[in-house]
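Take a look at the letters that make up each chain.
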Amino acid sequence: MPQPWQDTSLSAEDRAAALLSSMTLEEKLAQLVGVWPGSEAEEGEDVAPLQHEVSEAVDLDGLLPHGIGQLTRPFGTSPVEPAEGAAALARLQARIAAGNRFGIPALAHEECLTGFFAWRATVFPTPLAWGASFDPALVGRAAGLIGGSLRSAGIHQGLAPVLDVVRDPRWGRTEESIGEDPYLVATIGTAYVHGLESAGIVATLKHFAGYAASRGGRNHAPVSIGPRELADVILPPFELAVRDGGARSVMHAYNDLDGVPSAANPWLLTELLRDTWGFTGTVVSDYFGVSFLELAHRVADTRGGAAGLALAAGVDVELPAVRCFGTPLREAVLAGEVDEALVDRAALRVLRQKCELGLLDADWSPTPSALAGAVDSAGTVDLDPPEMRAVARELAEESVVLLADDGDVLPLAPDARIAVVGPLADEPAAMLGCYTFPRHVGVEHPGLPLGIEVPTLFAALRAELPGARITHAEGCAAPGPAASAGDAGGAGGAASAGAAALTAESRLAQAARTAADADVCVAVLGDRSGLFGRGTSGEGCDAADLELPGEQGALLDTLVATGTPVVLVLFTGRPYALGRWSRLLAATVQAFFPGEEGGPAVAGVLSGRVNPSGRLPVSVPYAPGGQPWTYAQPPLGLGENNASSIDPTPLFPFGHGLSYTSFAWERPAADAADVPTDGETTVRLTVRNTGDRAGTEVVQLYLHDPVARIARPVSRLIGYARVPLRPGESAEVHFAFHADLASYPLGADGTRVVEPGALELRLASSSAESDVRHTVPLTLTGPERTVDHRRRMVCEVRVK
C-alpha cells in the first residue's frame, strides 16, 4: 500500500506535508542542498565563481542515508556520451532513492541557456540573439525542444532564462541577457519560460535582482539604483515570468542592492516575490551564493550564520553543493539560533515540487525516456537531431541584424571574388557564447572534438556561393588570451596554428593583399567567449570600454585602406563602438553568438537567400566611452541638452535593423482618442511590402508621456510585431493598448499609478525619434488609478 506522500489522488501540498511530518531534522536539511558529482575531480579552471576555493570533497556515502535534494550539472561538468550520461544519472538516482528510508530521488538540474548544456547537444543562439529576433513564439518553440531534450535524459530543472536587463554593455554577461529594454526582456523571457515549463522542466529565473546594473559593468559588483528604477526596469521581466510564464524557480543574484545582498534580502525573496506576486516555487542560490554571505559580502561570520540569513530571507536550496545548509545549519538550529520552522518552510516547498515532478510517485523510475526507447540503432542518444538544428537555424537567421548597407555590395554577387578576412572567419568558436558546452567545459579538455557540427562563416560562404572565388586570411590574432590549436574543441585549429608563426605586421600585410585582390572583402571580427577573464565576452569577462577587442580595429583600418569595399560581420556577445568606420564600410552585419547554425545563417544573409529581419536588442554606440547608457532615458539623459561634452547618442539605436526590401506604413489610427484610465483602445496600422522580394518588417510601438510627475523616459517600448510579407502584400497590425501600460512607479515603495492626461503612441522602426513613422495621440481620462502586479503588462498584437 502506498504511503500518503505517494498517493497521487492527494494534492502535492498534502503529500509533501505528510512526508515532512515523518522526517527528522537531518532528513529535512538533506532536501535543501545540492551535490556536484565529479566537480572535485576537475582540475582545470573554474567554471563557477571561486569553485576550487569553496568546493569540498563529496562524501556521497555519508549523505545517502538522509537523502539528497539536488544533483548539480550531471551532464555539464565533464564530457560524457549522452547515452552514457543518461545511464550514469539513472544509476545514481536509483542509488540515492535506495539510500534513504523514504525512497526520495534527487532533483537534477542543468544549465540550458543555449540549449541542453551537454556534450553533443544542439547549441542554439545566445539570449542576446533571442532578443534580436523580436520573436517570442520562435523562442518559445526552441525552449520547448530544449526542455524535451532535458527531460528525456533525466533532468528536471533548467537554470534559464536570464532576465537581467542590460544597463551597461561592458558587463561580460551581456551575451546571456536578452536586451536593454525591460518589455523585450519580459516578453521574450516569458516565452522561453513557457517553452521549458510546457516540456515539464522547472524554469529558473536568473538573477534576482539587479545583477546587470552593477557599478562599472563589473561582475559581482554592488548595485546602487533607486527604488523607481528597480520597479520600472529591473523587476518587470521577473514579474511577468512568474505571473504569466508560470516559472517554478527563481535564483537569487550575487549582488547587493543598496548594501543588502540578494541572498539575505527578505523583502526581495519573500515579501515581494511570494507575498505580493504569489510565487509558490523554490528559490535556489546562485552557485556558492550562500557562502558568499560569509566570504564576500561579510554580513555573516560563520557558515551557520550565512545559512540562517539566507534561509530566513527565503532561499530554499543551497547550490551547487552542501557547505552551509548541512552541518552548520543543523548546529545553528539545535543551538536555537535558527528557527526549525524555517527549515520546514523550505523543505515543504522542495518536497511539493518533487511531488509535482512525479519524483515521489510509487511508480517512479530512474530510467529516463531517452534510455527507454528513444535510442537509435547505433545505441546512442541523439541530442542534436535535425528538428533541433532546424529551429536553431531559423532562430539564427531571424536574429542577424543588417546594421548598414550602401546598396552596392549586398547581397554578394554569386560569381564575385570575395576575400574573407579576420581571426573569426574560419573559427567555430565565433558562433558560441560562454554558456555553451564547448566554450564552458570543452576548452578544459584539449583535443576534445566539438561533438556537433559548427560550420564557420568561411566554410558556409563557400557552400552558399559555389561559383564565387573565395579566399581567406586571418589578418590578426584571435581576440582574448592566447589559445591552443584545439581551443574551440578540435576544430579550426590548423589555420590558427599555421598563422601563429606570422608576425602581426605580416598578418596585416597578407590580409591587405588578400583584400586588394578581391571585388569585396568580408571582415569577420568580434569576441571569443570565455569565463573569468579567459575570453573577451562571458561571465567575468567585463570590458574596460567598447573598443573592438585586441588588434581587430587596426585590421579593419587596414582593410578599409585597400579601397576594396568592406562588409563588416561581427560575431559578438555585446555591442561595440563602430563610429570610427561609420562612413567607410559598404555594409555592417551584426550576429550575437548565433549558435551552431550561425555560419550558414549569416552566409544566407550575405548571399541574399535570407532577407535580414533582426533588430538590435541593445544600442550600438558611436564612441567606446560614455557608458553606461540605454535608450530609455529621461530628457536629461539624452544628448540634446548641450550640458555635457559627451554625446551618448548611439550610432545604431535599439530596435534598428535593415532589410533588402522596403515597406510602407499606412493608415495609422486608434479606435478611440479618449481612453479611461482603466480602459483600452486598439491601434491599427497597415504595412505593405513595396519591394521586389519577400521580407519581414518589425513594427515597434513606443509610449511617449509628455508630462509626468517624475522624470520619465522620453520613449519606451510597449509592443512589437513581426510582419512577414511577400512582394506587394499587405497586412493590418492591431495593438491592444491598455491604460495600464502607461503606469509608472510614483512612490519610492514601488506604488504604480496611471494618471490622466495626454499621451503619444509612436509607431516606429527603432527607438530613435528619427525612425518614428507615425504618432497616434491619446488622452487618458478619469481619475488617477493605483495599479499593482495584476495590471496589464503586455500589449496584445494581432497581424491580419
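Residues numbered from 1 in each chain as written. Predicted model: local features only at pLDDT ≥ 70, side-chain atom pairs only at ≥ 80, totals over all residues. Heavy atoms only, no water.

Our focus in this paragraph is the overall build of the chain. A tally of regular secondary structure across the chain gives 22 helices and 27 strands. Whereas a compact globule of 800 residues would reach a radius of gyration of roughly 28 Å, the chain reaches 26 Å, a difference of no more than 12%. Dimensions of the chain, computed from the C-alpha atoms along their principal axes, are close to 75 × 70 × 50 Å. For the chain, the proportion of its 800 residues judged to be buried stands at 62%. Looking at the chain alone, contacts between residues at least 24 apart form 80% of all its contacts between residues at least 6 apart. Only carbon and sulfur atoms are counted for the fraction: they give 51% of the accessible area of the chain, which is about 27,000 Å². (Helix = DSSP H or I, 4+ residues; strand = E, 2+ residues; numbered from the N terminus. Rg over C-alpha atoms; globule rule 2.2 N^0.38 Å. Buried < 20%, exposed > 50% of the residue type's maximum accessible area, 1.4 Å probe, protein only. Contact = heavy atoms within 4.5 Å. Areas by Shrake-Rupley, 256 points an atom, 1.4 Å probe, with all protein chains shown as cover.)

Now for the pattern of salt bridges. The final tally for this structure, using the stated rule, is 48 salt bridges. Measuring nitrogen to oxygen at the nearest pair gives 2.8 Å for the salt bridge that ties D316 to R274. Here the residue D316 occupies a position in the loop between α13 (303-313) and α14 (327-334), and R274 occupies one in helix α11 (residues 266-276), the gap between them amounting to 42 residues. Of the two residues, D316 and R274, neither departs from the other in class, the shared state being buried. A salt bridge links R684 to D671; the shortest N-O distance between them is 2.8 Å. Residue R684 is found in strand β18 (residues 680-689), and its partner D671 is found in the loop between β16 (663-670) and β17 (674-676); the two are separated by 13 residues along the sequence. The exposure class of D671 is partly exposed, given its relative accessible area of 48%. Through salt bridges that share partners, D384, R389, R393, E397, E464, E596, E597 and R609 make up one connected network. (Salt bridge = Lys/Arg side-chain N within 4 Å of Asp/Glu carboxyl O.)

Throughout the structure, instances matching the rule amount to 6 cavities of 30 Å³ or more. Estimates place the volume of the largest cavity at around 100 Å³. Lining of the largest cavity is provided by 15 residues; of these, E111, Y254, D286, Y287 and Y435 occupy positions nearest its centre. In terms of residue class, the lining of the largest cavity is made up of 8 nonpolar, 1 polar and 6 charged. (1 Å grid on protein atoms, 1.4 Å probe; cavity = no way out; pocket = protein on both sides within 12 Å on 5 of 7 lines; lining within 4 Å. Points joined across faces, edges and corners; volume = space filled by probe spheres on them. Nonpolar A, V, L, I, M, F, W, Y, C, P; charged D, E, K, R; others polar.)

This brings us to the environment of A263. Relative to the assigned elements, A263 resides in the loop between β8 (260-261) and α11. The contact partners of A263, leaving out residues within four places of it in the chain, are H252, A253, L269, G289, L293, L309, A310, A313 and V315.

A complete count under the given rule lists 16 aromatic pairs for this structure. Plain terms: the ring middles of Y254 and F292 are 5.5 Å apart, the flat faces sit at 40° to each other, and that makes the pair tilted. With Y254 in the loop between β6 (249-252) and β7 (256-257) and F292 in helix α12 (residues 289-295), this residue pair connects regions lying 38 residues apart in the sequence. For the pair Y254 and F292, one class covers both residues: buried. By way of ring pairs, the aromatic residues F134, Y183, Y631, F654, Y702 and Y720 are connected into one cluster. Positioned over the ring face of W119 is R120, at 4.1 Å from the centre of the ring. Directly above the ring of W665 sits R773, whose terminal nitrogen or CZ lies 4.5 Å from the centroid. (Phe/Tyr/Trp six-rings, centres within 6.5 Å; stacked < 30°, edge-to-face > 60°. Lys NZ or Arg CZ within 6 Å of the ring centre and 35° of its normal.)

Right, let's talk about the side chain of T72 for a bit. Tracing the backbone through its elements, the reader meets T72 in strand β2 (residues 70-72). At a separation of 2.7 Å, a polar atom in the side chain of T72 contacts the main-chain carbonyl oxygen of P320. Setting aside its immediate chain neighbours within four residues, T72 contacts V35, W36, P37, T77, H109, Y287, L319 and P320. (Polar contact = N/O pair within 3.5 Å; in protein donor to acceptor, adjacent residues only side chain to side chain.)

Looking now at the sheet that holds strand β5 (residues 202-208). Sheet architecture is open: 7 strands sit in the order β1-β2-β3-β4-β5-β6-β9, paired in parallel fashion. Two strands close off the open sheet at either side, each with one partner strand: β1 (34-35) and β9 (282-284). Sheet strands in contact with helix α15 (residues 340-356) are β3 (107-111), β5 and β9, and its direction is about 110° off that of β9. (Pairing = 2+ DSSP bridges. Axes fitted to C-alpha atoms, helices over the stretch in contact; angles between N-to-C directions.)

Right, let's get into helix α1 (residues 12-20). Residues of α1 that are buried: R15, A16, L19 and L20. Projected onto a plane normal to the axis of α1, the buried residues spread over an arc of 135° and lie on a single side. Each element contacted by the buried residues of α1 is listed here: α2 (25-30) and α15. (Arc of directions from axis to C-beta.)

The next point concerns the nonpolar core. Residues F208 and F325 are the most contacted members of the largest nonpolar core, which totals 174 residues. The element that contributes the greatest number of residues to this core is helix α8 (residues 182-198), accounting for 8 residues. Setting aside its immediate chain neighbours within four residues, F325 contacts L29, L32, V33, V290, A307, A310, L311, V315, D316, V317 and E318. In terms of nonpolar packing, the next biggest core, distinct from the first, is built from 40 residues, L402, L424, F458 and A460 among them. (Core = buried A, V, L, I, M, F, W, Y, C linked by side-chain atoms within 4.5 Å.)

We now examine helix α16 (residues 386-399). The end-to-end C-alpha distance of α16, which contains 14 residues, comes to 20 Å, matching closely the 20 Å that a straight helix rising 1.5 Å per residue would cover. M388, R389, V391, A392, L395, A396, E397, E398 and S399 are the residues of α16 that are buried. Each element contacted by the buried residues of α16 is listed here: α6 (127-133), α7 (136-152), β10 (401-405), β15 (587-592), α22 (598-607) and β20 (716-725). (Expected span 1.5 Å × (residues − 1).)

Below, the discussion takes up the sheet that holds strand β14 (residues 566-572). Within the open sheet, the 6 strands sit side by side as β10-β15-β14-β13-β11-β12. Their pairing is mixed. Edge positions in the open sheet fall to β10 and β12 (469-473), since each of these has one partner strand only. For this sheet, the mean inter-axis angle between neighbouring strands, taken without regard to orientation, is 20°. Alignment of β10 against β15, held across 4 bridges, turns out to be antiparallel. Bridge assignment links D405 to a residue of β15, and that residue is A587. Contacting β11 (417-421), β12 and β13 (520-526), helix α20 (residues 504-516) runs over the sheet at an angle of about 165° to β12. Packing against the sheet, helix α21 (residues 552-561) makes contact with β11, β13 and β14, and its axis sits at approximately 170° to β13.

In this approach the atoms are scanned with a rolling probe the size of a water molecule, which exposes any empty space left behind. Roughly 830 Å³ of internal volume is contained in the largest pocket. Lining the largest pocket we find 41 residues, and of these R167, E229, D232, V233 and P713 sit closest to its centre. Mapped onto the lining of the largest pocket, the elements with two or more residues apiece are α8, α9 (227-234), α10 (236-243) and β20. With 4 residues, α9 is the largest single contributor of residues to the lining of the largest pocket. Looking at the lining of the largest pocket, its residues break down into 22 nonpolar, 6 polar and 13 charged.

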